[in-house]
Amino acid sequence: MGEQVKSTLTPAQRSWLERHFKHTANREIAAKLGFSEATLHRLARAMGLRKSPQFMRRAQANAAAKAKES
């Protein structure tokens, strides 16, 4: 098995993540920072970051609308 390397954030990435995490989709953040969504999740949890209630309501509404389309 390959050696695992822990991803870390530069100070600039950390600052950007702290400002944008609450209101930005994880896939967009992961693409911007060059990490997988799993790595992003690990880093955000370690930093104590959470999505805003407004973001979560909007995401749940979008998911419900897509489910109705199927």
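First, a word on scope: everything that follows refers to the structure included in this document. (Residues numbered from 1 in each chain as written. Predicted model: local features only at pLDDT ≥ 70, side-chain atom pairs only at ≥ 80, totals over all residues. Heavy atoms only, no water.)

## Quick look at the packing of aromatic side chains
- One pass over the full model with this rule turns up zero aromatic pairs.
- Directly above the aromatic system of Phe21 lies the positively charged group of Lys51, at a separation of 3.9 Å from the ring centroid.
- Above the ring of Phe55, the side-chain terminus of Lys51 is found at 5.0 Å from the ring centroid. (Phe/Tyr/Trp six-rings, centres within 6.5 Å; stacked < 30°, edge-to-face > 60°. Lys NZ or Arg CZ within 6 Å of the ring centre and 35° of its normal.)

## Thoughts on helix 2 (residues 26-33)
- All buried positions along helix 2 are accounted for by Ile29, Ala30 and Leu33. Taken around the axis of helix 2, the buried residues stretch over an arc of 100°, which confines them to a single face. Turned more than 90 degrees off the buried face of helix 2, the exposed positions are Arg27, Ala31 and Lys32.
- The secondary structure elements touched by the buried residues of helix 2 are helix 1 (11-20) and helix 3 (37-47). (Buried < 20%, exposed > 50% of the residue type's maximum accessible area, 1.4 Å probe, protein only. Helix = DSSP H or I, 4+ residues; strand = E, 2+ residues; numbered from the N terminus. Arc of directions from axis to C-beta. Contact = heavy atoms within 4.5 Å.)

## Concerning the packing of helix 1 against helix 2
- For the pair helix 1 and helix 2, interaxial distance at closest approach is 12 Å and the crossing angle is 165°. In terms of axis orientation, helix 1 runs roughly antiparallel to helix 2. Seen along the crossing, helix 1 lies across helix 2 with a hand that is right-handed. On the side of helix 1, the interface is formed by Gln13, Trp16, Leu17 and His20, while helix 2 contributes Ile29, Lys32 and Leu33.
- Classifying every residue of the contact of helix 1 with helix 2 by side-chain character gives four nonpolar, two polar and one charged. (Axes fitted to C-alpha atoms, helices over the stretch in contact; angles between N-to-C directions. Parallel < 35°, antiparallel > 145°, perpendicular 65-115°, else oblique. Left-handed = near helix turned anticlockwise from the far one by under 90°. Nonpolar A, V, L, I, M, F, W, Y, C, P; charged D, E, K, R; others polar.)

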